[in-house]
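# Topology and contacts: notes
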Amino acid sequence: MERSCSVKSRDSITHQDHAPAPPCSRGHTPPPSQRRSRRTMVDVTKWPLFSLMEGEELSSIRQACVFGTSANEVIYITHNDDVYVFGLNCSNCLGTGDSQSTILPKKLDFLSGRKVVSLSYGSGPHILLATEEGELFAWGHNGYSQLGNGTTNQGVAPVLVSASLLNKRVTEVACGSHHSLALTNTGEVYAWGYNNCGQVGSGSTANQPTPRRVSNCLQNKVVVSITCGQTSSLAVVENGEVYGWGYNGNGQLGLGNNGNQLTPCRLVGLQSLCVLQIVSGYAHSLALTDEGLLYAWGTNTYGQLGTGNKSNQLSPVQIMAEKESRIVEIAACHSTHTSAAKTQSGQVYMWGQCRGQSIVLPFLTHFSCTDDVFACFATPSVMWRLLSMEHDDFLTVSQSLKKEFDSPETADLKFSVDGKYIHVHKAVLKIRCEHFRSMFQSHWNEDMKEVIEIDQFTYPVYRSFLEFLYTDNIDLPPEDAIGLLDLATSYCENRLKRLCQHIIKRGITIENAFSLLAAAVRYDAEVSPASTPSNRTWRSSALSSV
């Protein structure tokens, strides 16, 4: 009997297959749709389009997606649920109501205030966006009715897709080159748009102008995740089975042949496995099982299957079997030939087309998330998913420390400064600072306290010092850096002293020169002679500004 698993994600689902297999012994596992939206901590400025944005604008971003033929378009959502776009605006894909490009972000008022749960883009490009309320909006290229509005007119602004979906709640969307898929909360799949190879799953090759339910062998199945290649479609059902339809000329459906499929067909090569996540590249696919095993099939021109050669695979083959740490996430995108995977230990691998090179075996990177692979090595450097600017389940040590600074939930000590608390961890302070290593000895009173009062330094200064111990960084204006410099001297933190000196030297202006000079004189009297030349340097800089 085949092994199967339960990956239900919808509370209302009670439907079971006619001949259900026993559930996985490992118990409940998050569905692919949740795994794909796993929150991660990413520096969006790795995508060049974000490099013109100011720090305040960047910090307001909650979700973002870089898309387009040359990765020249951006849509992002702020913490206030405002939706902004900027970029080249090919085929009106920015949805601003005109065809003008813009280097400055423009707000899409029609979508603002709606919480976005899923977003995908095609090659035209066209855009699909699903909200928390289950509404589906579409705009952009529409030459093949991929917007689902029954016409082939360009979509210059977001429009609600209502045909056949009016009383449905959409939870996930996926776009191929010029076709569209939507998944509802009841596990139904709807498809529309370009259908030259059967990618809409209607049983014909006629284009589909409005959403149509994909049925046939999916009729009595509850689908939990969907994905698209350029002209192919794949779906994972609640027991871990995988179904594919559409173009199969290079084996991208994994059926063991290269014949196109006009209706969904089960991937028998995965029948003994329970698949949790599936992703598609331009013409290849990856599947991740509940045991952390990775399978690949389809086109392999650039080594995107990771098999060590460039031979296409008509059926799924296991890769990365020799890795000791299980795979927890896989990544691919229909507009690239790049693949990536992340292990439970936080290692990120990439293979396929990477900046023009063909990497035929998974290559271990220094990245902390799969998204960075696409920012730095994919062509075009699009995002493979709607990215959330929050923490991931698998953080590096430095990211974990940064996350836990001033965290009441895990702290075992509080500093009270100017009437405000700063939450810290004794172990971290002892590891990072000799002053605290001495303080937290059994014969010191402080070692027994849960709250330590600090009255020698201001709150901004002391908080910056403690944050430095967690992050190795300081972010203070030069005026406050003076106080931090005094603290660093008192606590014998030489590296911190050098960082403060650098901030002060760099921040000298006519307005603050006198106050900085006074601090320089006071500080000069307190340090050893060995430090004096460095101090004279920035003291001279202050004098020259006066």
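First things first, this report covers the structure right here in the doc. Keep in mind it's a predicted model, so treat the numbers as computed, not measured.

What the protein contains, in helices and strands, is 11 helices and 28 strands. Taken over 546 residues, the protein has a buried fraction of 54%. Within the protein, contacts between residues at least 6 apart in sequence are counted, and of these 54% link residues at least 24 apart. Here the protein has roughly 22800 Å² of accessible surface; of this, 49% comes from carbon and sulfur atoms.

Let us now look at helix H7 (residues 459-471). Under the 1.5 Å per step criterion, the end-to-end length of H7 is 18 Å for 13 residues, consistent within 8% with the ideal 18 Å. Most of H7 sits out of view: 10 of its 13 residues are buried. Residues Tyr-459, Val-461, Tyr-462, Ser-464, Phe-465, Leu-466, Phe-468, Leu-469, Tyr-470 and Thr-471 constitute the buried set of H7. Once H7 ends, the next one or two residues include Asp-472, with phi positive near 70°.

It is worth spelling out the pattern of salt bridges at this point. In the structure shown here, the tally under the stated rule is 18 salt bridges. Among the salt bridges present, the one from Glu-241 reaches Arg-266, with a minimum N-O distance of 3.5 Å. Of the two residues, Glu-241 sits in the loop between strand E14 (232-237) and strand E15 (242-246) while Arg-266 sits in strand E16 (residues 261-266), which places them 25 residues apart along the sequence. A residue is classified by how much of its surface remains accessible, and Glu-241, at 11% relative accessible area, is buried. Taking relative accessible area as the criterion, Arg-266 reaches 22% and is therefore assigned partly exposed. We note a salt bridge from Asp-472 to Arg-495, for which the minimum N-O separation is 3.4 Å. Of this pair, Asp-472 sits in the loop between H7 and helix H8 (478-490) while Arg-495 sits in helix H9 (residues 494-506), and the two are 23 residues apart along the sequence. Overall, the relative accessible area of 34% leaves Asp-472 in the partly exposed class. By relative accessible area, Arg-495 is classed as partly exposed at 39%. Linked through salt bridges whose partners overlap, the residues forming this network are Arg-62, Asp-81 and Lys-115.

Right, let's get into the sheet that holds strand E5 (residues 116-121). One open sheet accounts for 4 strands, arranged E5-E6-E7-E8; its pairing is antiparallel. Both outer strands of the open sheet, E5 and strand E8 (155-160), are each paired with one neighbouring strand and no more. In this sheet, adjacent strand axes meet at a mean angle of 15° when their direction is disregarded. Pairing analysis gives 5 bridges linking strand E6 (residues 126-131) to strand E7 (residues 136-140), with the strands arranged antiparallel.

This brings us to the environment of Ala-64. By secondary structure assignment, the location of Ala-64 is in strand E1 (residues 61-67). Spatially, the C-alpha atom of Ala-64 lies 9.6 Å from that of Leu-119, the residues being 55 residues apart in sequence. Sequence-distant contacts of Ala-64, defined by excluding residues within four places in its chain, comprise Phe-50, Ile-75, Tyr-76, Met-383, Arg-385, Leu-386, Leu-387 and Met-389.

For the rest of this paragraph, the subject is the sheet that holds strand E10 (residues 179-184). Taken in spatial order, the 4 strands line up as E9-E10-E11-E12 in an open sheet, and their pairing is antiparallel. Two strands bound the open sheet, and with one partner strand each, they are strand E9 (170-175) and strand E12 (208-213). Across the sheet, the mean angle separating the axes of adjacent strands is 15° when strand polarity is ignored.

This paragraph deals with the nonpolar core. In terms of nonpolar packing, the biggest core is built from 60 residues, with Phe-50, Ile-75, Leu-294 and Trp-351 touching the most fellow members. Ile-422, Met-439, Val-461 and Leu-516 belong to the second largest nonpolar core, which has 38 residues in total.

What follows covers unusual backbone geometry. The step from Gly-124 to Pro-125 runs through a cis peptide bond, and the omega angle for that step is -5°. Looking at the element boundaries, Pro-125 is found in the loop between E5 and E6. For the peptide bond that leads from Thr-379 to Pro-380, omega is -5°, which places it in the cis range. Looking at where Pro-380 falls in the secondary structure, it is placed in the loop between helix H3 (370-376) and strand E25 (387-388). In this structure, Ser-145 takes a positive phi of about 65° despite not being glycine. Tracing the chain through its elements places Ser-145 in the loop between E7 and E8. Classification of Ser-145 as buried rests on a relative accessible area of 7%.

Where H8 contacts H9, the two axes come as close as 9 Å, and the packing angle between them is 160°. One element, H8, and the other, H9, form an angle in the roughly antiparallel class. Once H8 is placed against H9, the crossing between them reads as left-handed. Facing Pro-478, Ala-481, Ile-482, Leu-484, Leu-485, Ala-488 and Thr-489 of H8, the residues of H9 in contact are Leu-496, Lys-497, Cys-500, Gln-501, Ile-503 and Ile-504.

Attention shifts here to the packing of H7 against H8. Viewed as axis vectors pointing N to C, H7 and H8 meet at an angle of 60°, and their least axial separation amounts to 9 Å. Between H7 and H8, the interaxial angle falls into the category oblique. Helix-helix and strand crossings are classified by hand; for H7 and H8 the assignment is right-handed. In this structure, H7 uses Pro-460, Val-461, Tyr-462, Ser-464 and Phe-465 to contact H8, whose residues at the interface are Asp-480, Gly-483, Leu-484 and Leu-487.

This paragraph deals with the environment of Asn-258. Relative to the helices and strands, Asn-258 is located in the loop between E15 and E16. Sequence separation between Asn-258 and Gly-298 is 40 residues, and the spatial gap between their C-alpha atoms is 9.4 Å.

Bringing the state of the cysteines into the picture now. Enumeration over the complete set of coordinates arrives at 0 disulfides. This cysteine, Cys-65, is not joined by any disulfide, and Cys-333 carries the nearest cysteine sulfur, 8.1 Å off.

Moving on, we get to the packing of aromatic side chains. All chains considered together, the criterion is met by 18 aromatic pairs. Arranged with centres 6.0 Å apart and planes meeting at 25°, the rings of Phe-436 and Phe-465 form a pair that is stacked. Residue Phe-436 is found in helix H6 (residues 434-439), and its partner Phe-465 is found in helix H7; the two are separated by 29 residues along the sequence. The burial state of Phe-436 is the same as that of Phe-465; both residues are buried. A centroid spacing of 6.5 Å and a plane angle of 85° characterise the contact between Tyr-462 and Tyr-491, whose relative ring orientation is edge-to-face.

Next up on the list: the pairing of strand E21 (residues 327-331). E21 sits mainly inside the fold: 5 of its 5 residues count as buried. Sheet topology places E21 next to strand E22 (residues 338-343); 4 bridges connect them, and they run antiparallel. When the sheet's bridge partners are listed, Ile-327 is paired in E22 with Thr-343.

Procedures and definitions
Residues numbered from 1 in each chain as written. Predicted model: local features only at pLDDT ≥ 70, side-chain atom pairs only at ≥ 80, totals over all residues. Heavy atoms only, no water. Helix = DSSP H or I, 4+ residues; strand = E, 2+ residues; numbered from the N terminus. Buried < 20%, exposed > 50% of the residue type's maximum accessible area, 1.4 Å probe, protein only. Contact = heavy atoms within 4.5 Å. Areas by Shrake-Rupley, 256 points an atom, 1.4 Å probe, with all protein chains shown as cover. Expected span 1.5 Å × (residues − 1). Salt bridge = Lys/Arg side-chain N within 4 Å of Asp/Glu carboxyl O. Pairing = 2+ DSSP bridges. Axes fitted to C-alpha atoms, helices over the stretch in contact; angles between N-to-C directions. Core = buried A, V, L, I, M, F, W, Y, C linked by side-chain atoms within 4.5 Å. Parallel < 35°, antiparallel > 145°, perpendicular 65-115°, else oblique. Left-handed = near helix turned anticlockwise from the far one by under 90°. Disulfide = S-S within 2.5 Å. Phe/Tyr/Trp six-rings, centres within 6.5 Å; stacked < 30°, edge-to-face > 60°.

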